[in-house]
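# Working through the structure, step by step
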Amino acid sequence: MSIFVPESPGLLLAANSTIPTMLKQILAKLPRKSSKSNQNYSEGSNATTDLSNNGSFTNTCSVISSRLNAVKKMSSSIFPTSNGDMIQPHLSFKDVQNSEKPRLLISKLNLCSIVYDFNDQDKDNAEKDQKRQVLVEILDYLGSDSIKLAEPAMSAICKTCGANLFREFPPKYSNSPRGETEDEDPWFDPAWSHLQLVYEILLRFVSLSSLDPKVAKQYIDHSFLLKLLNLFDSEDPRERDCLKSILHRIYGKFMVHRSFIRMAVSNIMYQFVYETEKHNGIAELLEIFGSVISGFALPLKKEHKMFLSRVLIPLHKPKSVGSYHHQLTYCVVQFIEKDPRLASVVINGLLKYWPVTSSQKQLMFLSELEELLEIIRTDEFEKIMVPLFRRIRSCLDSYHFQVAERAHFLWNNEHIHHLIMSNRQAIMPIVFSSIQHNSKNHWNRTVLNLAQNVMKMFQEVDEQLVLSCQGKVEEDKSATTVAAERRRLTWEHLETVAGGGFQHVVVQVSVLEKPTTAMCVVSCP
């Protein structure tokens, strides 16, 4: 039996389908038991030197197999169909068929996984520009509405984003947390030209309408999310803004990860409040949680209430609260709007962390307090009004005119004014002396006018209570004067007795209206 092996490469393609049939025919004619002598095939083609009249069947099969592999390699080079054959990443998506675009995408993503050093501006500039161009092409490709990614493409996108984004930040040379000093300039990452495109690719990936969260969750897993959250400590505000958008999309689409994201963010804030007090992304994280809190279902879970009491309220304590106070206030207000019974809990927390020496923090707390009092219910207000207005009285007495001014402004709020006047029997005796003093003696003209207006409000609503409070103020002044006179006489007596040598003297010391007796030993030279 003779075997025809075509000499021309063009005929090899045609032979690709006939060779397996010929092999079957050869194998069918072989005897079940091999003979002692090898059967010779005298007929052969001139194109193959391996097939001779004395060649064995084994050599024949080897030649056929090698020819078959050559046919396959030539065919695959002309028409690439195997998934293992990668397309050159420099090709454009327009230059390949639609069936080859997913493989071209993976090839481009693998190329973009290479990270370059941007600290040296003169190094690898051609490669950097080439990578940036490929990133732009990937971004444009993902912008198509009809695109549907397979799992290999999802995996490649996540690996490329991780290789470019997940990194160690340069050391912080400033000892003060960001936001505490107003003149501190933000730091901008020199690799932002690449990072921005990678962030946009990740954002577009998680925003795809065709993305199935049940499939993508194995690539955007807990490890990926933890590394993504660690990037919020970046000093580059542009990077934190991109992260905010991406995390918000992930939280909205991947419901299976919501509980884990809340727990991970809580841990970041725990560390910030109780350990380091240094983190650059607290404002962005709180901004995300502002919209998350507004979507909480009622009644609130215990986990959510613990987040308020253990995270949001203690966040008023750090010195850098000014860098995120606006977002913090919004989150707290969202909680109270969800459950008004939490108002007293929040205000008691504010009183616990109320600043004593920082006038700027006092102004922020007074602004937040006004927002909370605007939405508080009457029954909750009555629970905290006494300790609250004792703190407000100390603000009215503040030597910093802006703090005193901001405290007087509370009476200009219609809702707060109604709450105060409805409970004037308990509130007016607490603050009356401070307001009366400011209406007569304060050095700042604005504070003086505000205090006078508050006094007019009191007199118009309840003149009898005003007279009662004035009488109480006069009694306190008289008692204070008497106590001061007693202290003066006591010291004069001590000085007189001290001139007579060593004596044991019993002195009655008066402190306000409560006299006490003390044994004093006075000595003199």
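Owing to the predicted nature of the structure, the values given are computational and were not obtained by experimental measurement.

Our focus in this paragraph is the overall build of the protein chain. What the protein chain contains, in helices and strands, is 21 helices and two strands. A buried classification covers 43% of the 525 residues belonging to the protein chain. Put simply, 66% of the contacts in the protein chain that link residues at least 6 apart link residues at least 24 apart. By element, 52% of the accessible surface of the protein chain is carried by carbon and sulfur atoms, the whole surface being about 29,500 Å².

Time to look at helix α11 (residues 282-294). Taking 1.5 Å of rise per residue, the 13 residues of α11 would be expected to cover 18 Å, and the 18 Å separating its terminal C-alpha atoms lies within 8% of that figure. Listed in full, the buried residues belonging to α11 are Ile-282, Ala-283, Glu-284, Leu-285, Leu-286, Ile-288, Phe-289, Gly-290, Val-292 and Ile-293. Looking at the buried side of α11, the elements it contacts are α8 (222-230), α9 (237-253), α10 (258-276), α12 (302-312) and α13 (325-338).

The next thing to look at is the pattern of salt bridges. According to the stated counting rule, one finds 17 salt bridges in the structure shown. Notably, a salt bridge pairs Arg-167 with Glu-239, separated by 2.7 Å at the nearest N-O pair. Of this pair, Arg-167 sits in the loop between α5 (151-165) and α6 (192-206) while Glu-239 is found in helix α9, placing the two residues 72 residues apart along the sequence. Exposure remark for Arg-167: the relative accessible area of 25% places this residue in the partly exposed category. Between Glu-303 and Arg-262 there is a salt bridge, and its shortest N-O distance comes to 2.9 Å. Here Arg-262 lies in helix α10 and Glu-303 lies in helix α12, a separation of 41 residues in the sequence. Residues joined in a network through salt bridges with shared partners are Arg-167, Asp-189 and Glu-239.

Inspection of every chain in the model, using the stated rule, returns zero disulfides. Cys-161 forms no disulfide, and the closest cysteine sulfur to it belongs to Cys-158, at a distance of 6.7 Å.

For the rest of this paragraph, the subject is the packing of aromatic side chains. Under the counting rule described, the total for this entry stands at twelve aromatic pairs. Seen in terms of ring centroids, Phe-272 and Tyr-324 are 5.9 Å apart; in terms of plane orientation they differ by 75 degrees. Their pairing is edge-to-face. A residue pair is termed long-range when its members are at least 10 positions apart, and Phe-272 in helix α10 and Tyr-324 in the loop between α12 and α13 qualify at 52 residues. In this structure, Phe-272 and Tyr-324 share a single accessibility class: buried. Between Trp-354 and Phe-365, the ring centres sit 5.4 Å apart and the planes meet at 80 degrees, which makes this aromatic pair edge-to-face. One end of the pair, Trp-354, is in the loop between α14 (343-352) and α15 (359-375); the other, Phe-365, is in helix α15, with eleven residues separating them in the sequence. Accessibility assignment for this pair places Trp-354 and Phe-365 in one class, buried.

Rules used throughout
Residues numbered from 1 in each chain as written. Predicted model: local features only at pLDDT ≥ 70, side-chain atom pairs only at ≥ 80, totals over all residues. Heavy atoms only, no water. Helix = DSSP H or I, 4+ residues; strand = E, 2+ residues; numbered from the N terminus. Buried < 20%, exposed > 50% of the residue type's maximum accessible area, 1.4 Å probe, protein only. Contact = heavy atoms within 4.5 Å. Areas by Shrake-Rupley, 256 points an atom, 1.4 Å probe, with all protein chains shown as cover. Expected span 1.5 Å × (residues − 1). Salt bridge = Lys/Arg side-chain N within 4 Å of Asp/Glu carboxyl O. Disulfide = S-S within 2.5 Å. Phe/Tyr/Trp six-rings, centres within 6.5 Å; stacked < 30°, edge-to-face > 60°.

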